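Each chain, letter by letter, is given below.
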Amino acid sequence: MVMDQLRKEFGAVRAVVGLSLSVGRGEIYGLLGPNGAGKTTALRMLAGLLQPTGGRAVIAGVDVGQDPQRAKARMGYLSASTGLYARLTAREALRFFGRLQEMPQSLVDRRIRELGPALSLEPFLDRRCEALSTGERQRVSLARAVLHDPPVLILDEPTSGLDVLASRFLRDHIRGERERGKAIVFSTHYLAEAELLCDRVGLLFRGELVREGTPAVLRAEAKATTLEEAFLSFVGMAES
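Let us look at the structure shown here. Just so it is clear, the structure is predicted and the values come from calculations on it, not from any experiment. (Residues numbered from 1 in each chain as written. Predicted model: local features only at pLDDT ≥ 70, side-chain atom pairs only at ≥ 80, totals over all residues. Heavy atoms only, no water.)

## Some points on the environment of V235
Reasoning step 1: Checked against the element boundaries, V235 lands in helix α9 (residues 227-239).
Reasoning step 2: Here V235 falls in the buried class, since its relative accessible area comes to 9%.
Reasoning step 3: The sequence separation of V235 and F205 amounts to 30 residues, and the corresponding C-alpha distance is 7.0 Å. (Helix = DSSP H or I, 4+ residues; strand = E, 2+ residues; numbered from the N terminus. Buried < 20%, exposed > 50% of the residue type's maximum accessible area, 1.4 Å probe, protein only.)

So this is what it looks like as structure tokens:
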């Protein structure tokens, strides 16, 4: 997965400024920053949901701008606001999204059987999505994102609004996807969460990548004990 000089402008507002980074197989890359830093805009461009002003995005060797449908077939996208049809059961919702991916019904049902125990979906697979808790809906949304077993996962603040137990469950599953060789980009403004989960992180501030590296390297460079302290140090340098 590659972002190459991605830019996005909304009139006079520069939301993302020349963002370049890459994520390899079996790696979780954390795109970190405060609200309004440009994280969601960057990931929406990567996922082909937003047209960039400039630059390009590549998913598993496919240029998103040149062949968006083929690129989308190679990615799973999840955000905290990912919607599910309220009147469908969780199982029906997954079958619907499987059809959108042009998966054979037999394969969809096999993947649901596999993901049921892996994501603890079984107790509520046949309940309507409107009756599920926030954590349960997010587990169904994650199952939807990985249903077609894509090589790239784009996760935009997937634990936002979840309690401690639900957040830990999702983090554990994301680690499992990394062990299966997925390239994962994970955005969050919870820097402590990024320290627990990410192999490398990029610190985004006002649409620009101000630092990149492993959490340990960034802490050492800033002479900080936490990633949060390091981020505040680097932001101070960017503002000066």
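## Focus: the packing of helix α3 (residues 90-100) against helix α4 (residues 105-118)
Reasoning step 1: Axis separation between α3 and α4 bottoms out at 10 Å; the angle between their running directions is 135°. In terms of their interaxial angle, α3 and α4 are classed as oblique. In this structure, α3 meets α4 at a crossing whose hand is right-handed. For the pair α3 and α4, the contacting residues are R91, L94, R95, G98 and R99 in the first and Q105, V108, D109 and I112 in the second.
Reasoning step 2: For the contact of α3 with α4, a count of residues per class yields 3 nonpolar, 2 polar and 4 charged. (Axes fitted to C-alpha atoms, helices over the stretch in contact; angles between N-to-C directions. Parallel < 35°, antiparallel > 145°, perpendicular 65-115°, else oblique. Left-handed = near helix turned anticlockwise from the far one by under 90°. Contact = heavy atoms within 4.5 Å. Nonpolar A, V, L, I, M, F, W, Y, C, P; charged D, E, K, R; others polar.)

## Notes on the packing of aromatic side chains
What describes a pair of aromatic rings is the distance from one ring centre to the other and the angle between the planes of the rings.
Reasoning step 1: Applying the stated criterion to the full structure yields 2 aromatic pairs.
Reasoning step 2: Taken together, the ring pairs connect Y85, F96 and F97 into an aromatic cluster.
Reasoning step 3: The ring of F10 has K8 lying over it, and the distance from NZ or CZ to the ring centre is 5.3 Å.
Reasoning step 4: In this structure, R144 is placed above the aromatic ring of F97, and the distance from its NZ or CZ to the ring centre is 5.3 Å. (Phe/Tyr/Trp six-rings, centres within 6.5 Å; stacked < 30°, edge-to-face > 60°. Lys NZ or Arg CZ within 6 Å of the ring centre and 35° of its normal.)

## Considering the pairing of strand β8 (residues 183-188)
Along a regular strand, successive side chains alternate from one face of the sheet to the other.
Reasoning step 1: Most of β8 sits inside the fold, with 6 of its 6 residues counted as buried.
Reasoning step 2: Across the two faces of β8 the burial is the same, with A183, V185 and S187 and I184, F186 and T188 all buried.
Reasoning step 3: Pairing between strand β3 (residues 27-32) and β8: 6 bridges, direction parallel. Each residue of the ladder has a partner; that of I28, found in β8, is I184.
Reasoning step 4: Where strand β7 (residues 152-156) and β8 come together, 5 bridges link them in parallel fashion. Paired with I154 across the strands is V185, a residue of β8.
Reasoning step 5: Running through helix α6 (residues 164-179), the crossover from β7 to the neighbouring parallel element β8 is right-handed. (Pairing = 2+ DSSP bridges. Right-handed = clockwise from strand over helix to strand, strands pointing away.)

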